[in-house]
Amino acid sequence: MLFIRLEPSIRLAVMISVLLTWLFLDSMLVRSRPVLQFCDTRVNYTNGSNYQTNLRQLLSPLPARGSNTGFYQGTAGSGFDRVFGLVQCSGDVSADVCRSCINRTSTEITRICANQREAALRYDECLLHYADWRFFSQLNMEKLSFRNPQNVSADPVPFGKKDMVNSDCLRCLQNFVTQIPDCCNGSQGAQVLGLSCNLRYEIHPFYQISQRTLPPANNSRRKGNNLSSKIVPIIAAIIGVILVLVAGIFIWILKRKQALRIKADAIDGEEIRKAEVLLYDLGTLRSATGNFSDENKLGQGGFGPVYKGKLSNGQEVAVKMLSRSSGQGIQELKNEVILLAKLQHVNLVRLLGCCLDEQEKMLVYEYVPNSSLDKFLFDDTKRLQLDWERRFRIICGIARGLLYLHRDSRLRIIHRDLKAGNILLDTDMNPKISDFGLAKLFGSEATHNNTSRIAGTYGYMAPEYAKNGVFSTKSDVFSFGVLVLEIVMGRKNSSFSESEDSTNLLSYAWNHWNKGTMTEMIDTSMHYYHPSEALRCIQIGLLCVQDDSSLRPFMSDVVFMLDGRSVGIPAPSKPAFFVAQNAEKEDGSLDDSVFRIGDSDKNSIRQPVNDSVNEMSITEFYPR
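Residues numbered from 1 in each chain as written. Predicted model: local features only at pLDDT ≥ 70, side-chain atom pairs only at ≥ 80, totals over all residues. Heavy atoms only, no water.

(A) Local environment of the overall build of the protein chain. Counting secondary structure elements, the protein chain contains 15 helices and 20 strands. Taken over 624 residues, the protein chain has a buried fraction of 44%. Look at the contacts in the protein chain between residues 6 or more apart in sequence, and 65% of them connect residues 24 or more apart. Carbon together with sulfur atoms contributes 51% to the accessible area of the protein chain, which is approximately 33200 Å² in total. (Helix = DSSP H or I, 4+ residues; strand = E, 2+ residues; numbered from the N terminus. Buried < 20%, exposed > 50% of the residue type's maximum accessible area, 1.4 Å probe, protein only. Contact = heavy atoms within 4.5 Å. Areas by Shrake-Rupley, 256 points an atom, 1.4 Å probe, with all protein chains shown as cover.)

Written as structure tokens, this is what we have:
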């Protein structure tokens, strides 16, 4: 199903068009409804029965046979399932009008009187009646009366005089005539419609004959009727023109927007193709993922759903689909394709290709079976699988992946959204950095940049980025420091409460550093850990989250320190966003330079007064 988001002006035009169309069609439907219908609900037939087959055989030739003379009766079948049918057109209609009326009636009768063994429909131009008994020449007094709302002059007697003879037809008419005083006495005209006959009278000709034979109108009411008959078609024509114009404008606007969107997609698609990645067709990915079935759904992110798939050659893949309702779009997808197509590292998730078929945008990655780090680290049961050896290997792998992005690849890339949820684990629990939709590409000489769009996850954001939009490789270093402390402690950065004498993970770690009780921070679910490696990781993590970005180490320094080749590791200074229990000024007001850290609305960042991008200057240099 296709859903289109329309501008307010277009929605208004569509609503007006739909309303006018509904009014117009409603008036047309009123004209096409039968003036009399009879459905005998006492006896029914079933679908697929002999009676239904015989009924279809009877109704099929009726339009052709009945239109020749204006009257036809016939039967179909035999025995209990025999069907008798009759059609009759008004004597004043042409053969074409008769045929059209019978054709419409033979279709409508099986819909209006579905599965009824006897039914009849009468329109102004024709009558159709069928039954499972021989009703031919049988008098039927079922009737329906209509009254002309305009009354006659003071003398109604002339309208009651009728000349009748004694026959079934005339008996029917005579019976109808006797009903007129009860329903329509004093009216200028009336109709009594039945299955055996119908009666109508007016003070002006109403049957379809040449206008040259009509007598001249002799009263003002007749002129009013003629005027109404002329005005109604004019109004209908005007409504039709309006509908055509509104529909035309709407279609033009829709096609214009579609053309612009297709042009934009074509430009974006061409850039993606120039990245020299493998292009998959939609059919291949549908087949690989079981038509994107729920059973193969791996998860749902801000970009869209991710599905597990298996290609025809047996290779397992992960297919990330761009959701049309997501806040991200083709720019993020294009960004990720262009970046990952040029990156190859054991600690980065590998992009296999993408799909741009039928307005669908998808990325195809190598399948990483153990999901993401957060699914293990913050789960009480799965965390037991992360012994110290695996945790240390994960920390070192992430560090080497970041070093590749910042220094060793052909490009200088800032990830901007490094967190546990974006670290995938392969079969051997080796880490792979993923989700490059928010990554930024730097020139070889650039050291920092800024943006008005703050994107990422609170709790992992560097202070200069969260406050002023300034980001650099040191922004990723800060996120890495938070991640290292989470891995060592086995706790999420937003899981701390005031009862622990800390407001967040960083203040908790800083308090233990000052007290010299860092071993109390280490995850107790690990039965064994290497003390020197664990304490070294805590110290490196605190160095990475320092408030002053110039004091944070480069990832090359981090990798060197993790390898144990560093003679001495410097002591860290106070972390960014560190909040003391009584962070107040001397006058008792809250210090506006103090921030809180968190990754939810509960722990949202509070902006300082008079913040400015110019207050911070980053002057570090990047060796190449």
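(B) Fine view of the side chain of Arg552. In this fold, Arg552 is placed in the loop between helix 14 (531-544) and helix 15 (555-562). What makes Arg552 buried here is its relative accessible area of 2%. Here Gln546 takes part through its backbone oxygen, which lies 2.8 Å from a polar atom of the side chain of Arg552. Look past the residues within four positions of Arg552 in its chain and what remains in contact with it is Ala462, Pro463, Glu464, Lys474, Ser475, Val477, Phe478, Leu543, Cys544, Gln546 and Asp547. (Polar contact = N/O pair within 3.5 Å; in protein donor to acceptor, adjacent residues only side chain to side chain.)

(C) Focus on the nonpolar core. Counting 77 residues, the largest nonpolar core has Leu373, Ile398, Phe480 and Leu562 as its most contacted members. With near-sequence residues (within four places) excluded, Ile398 lies in contact with Leu418, Ile423, Pro431, Ile433, Phe480, Leu483 and Ile487. Core analysis: the next-biggest nonpolar cluster, separate from the first, contains 22 residues, Tyr51, Val93, Ala119 and Leu121 among them. (Core = buried A, V, L, I, M, F, W, Y, C linked by side-chain atoms within 4.5 Å.)

(D) Spatial organisation of empty space enclosed by the protein. Evaluation of the coordinates by the stated rule reveals 2 cavities of 30 Å³ or more. Along the walls of the second largest cavity sit 13 residues, with Arg416, Asp417, Tyr460, Met461 and Ser479 positioned nearest its centre. It is helix 12 (residues 473-489) that contributes the most residues to the lining of the second largest cavity, 3 residues altogether. Its residues placed into classes, the lining of the second largest cavity shows 6 nonpolar, 4 polar and 3 charged. (1 Å grid on protein atoms, 1.4 Å probe; cavity = no way out; pocket = protein on both sides within 12 Å on 5 of 7 lines; lining within 4 Å. Points joined across faces, edges and corners; volume = space filled by probe spheres on them. Nonpolar A, V, L, I, M, F, W, Y, C, P; charged D, E, K, R; others polar.)

(E) Representation of the environment of Val97. Following the sequence through the fold, Val97 ends up in helix 4 (residues 95-112). Since its relative accessible area comes to 29%, Val97 is described here as partly exposed. Spatially, the C-alpha atoms of Val97 and Cys126 are 9.2 Å apart, while their sequence positions differ by 29 residues.

(F) Spatial organisation of the environment of Ser549. Residue position: Ser549 is located in the loop between helix 14 and helix 15. Placed 27 residues apart in sequence, Ser549 and Ala576 show a C-alpha to C-alpha distance of 9.3 Å.

(G) Region of the structure containing the pattern of salt bridges. Applying the stated criterion to the full structure yields 14 salt bridges. Of the charged contacts, one joins Asp81 and Arg117 as a salt bridge, the two residues approaching to 3.9 Å between their closest N and O atoms. Separated by 36 residues along the polypeptide, Asp81 in the loop between strand 2 (71-76) and strand 3 (83-89) and Arg117 in the loop between helix 4 and strand 4 (119-122) bring together distant segments of the chain. With respect to class, Asp81 is no different from Arg117; both count as buried. The shortest N-O distance in the salt bridge between Arg111 and Glu108 comes to 2.5 Å. Of this pair, Arg111 and Glu108 are both found in helix 4, 3 residues apart, which corresponds to roughly one turn of the helix. A cluster of three or more residues bridged by salt bridges with shared partners is formed by Asp380, Arg383, Arg391 and Asp523. (Salt bridge = Lys/Arg side-chain N within 4 Å of Asp/Glu carboxyl O.)

(H) Inspection of a nonpolar patch on the surface at higher detail. Together, Ile234, Ile238 and Ile242 make up a nonpolar patch on the protein surface, roughly 260 Å² of accessible area in all. If you trace the backbone, Ile238 turns up in helix 6 (residues 220-274). Owing to a relative accessible area of 46%, Ile238 belongs among the partly exposed residues under this scheme. (Patch = residues over 30% accessible without salt bridge, like charges linked within 9 Å, V, L, I, M, F, W, Y side chains within 5 Å.)

(I) Local environment of the packing of aromatic side chains. Using the criterion set out here, one finds 7 aromatic pairs in the structure. Ring centres 5.9 Å apart and planes at 75 degrees place the aromatic pair Phe84 and Phe136 in the edge-to-face group. With Phe84 in strand 3 and Phe136 in the loop between strand 5 (126-131) and strand 6 (143-147), this residue pair connects regions lying 52 residues apart in the sequence. Judged by its relative accessible area of 7%, Phe84 is buried. Judged by relative accessible area, Phe136 falls into the buried class, the value being 8%. One Lys or Arg, Arg416, reaches over the ring of Phe471 and ends 5.3 Å from the middle of that ring. The ring of Phe554 has Lys474 lying over it, and the distance from NZ or CZ to the ring centre is 4.3 Å. (Phe/Tyr/Trp six-rings, centres within 6.5 Å; stacked < 30°, edge-to-face > 60°. Lys NZ or Arg CZ within 6 Å of the ring centre and 35° of its normal.)

(J) Looking closely at the sheet that holds strand 1 (residues 36-39). Taken in spatial order, the 5 strands of this open sheet run 1-4-5-3-2, and their pairing is antiparallel. Unpaired on one side and paired on the other, strand 1 and strand 2 mark the two borders of the sheet. In this sheet, neighbouring strand axes are inclined to one another by 5 degrees on average, regardless of whether the strands run parallel or antiparallel. Alignment of strand 4 against strand 5, held across 4 bridges, turns out to be antiparallel. Each bridged residue has a counterpart across the sheet, and for Leu121 the counterpart in strand 5 is Leu128. Against the sheet, helix 4 touches strand 1, strand 3, strand 4 and strand 5, its axis set at about 40 degrees to strand 5. (Pairing = 2+ DSSP bridges. Axes fitted to C-alpha atoms, helices over the stretch in contact; angles between N-to-C directions.)

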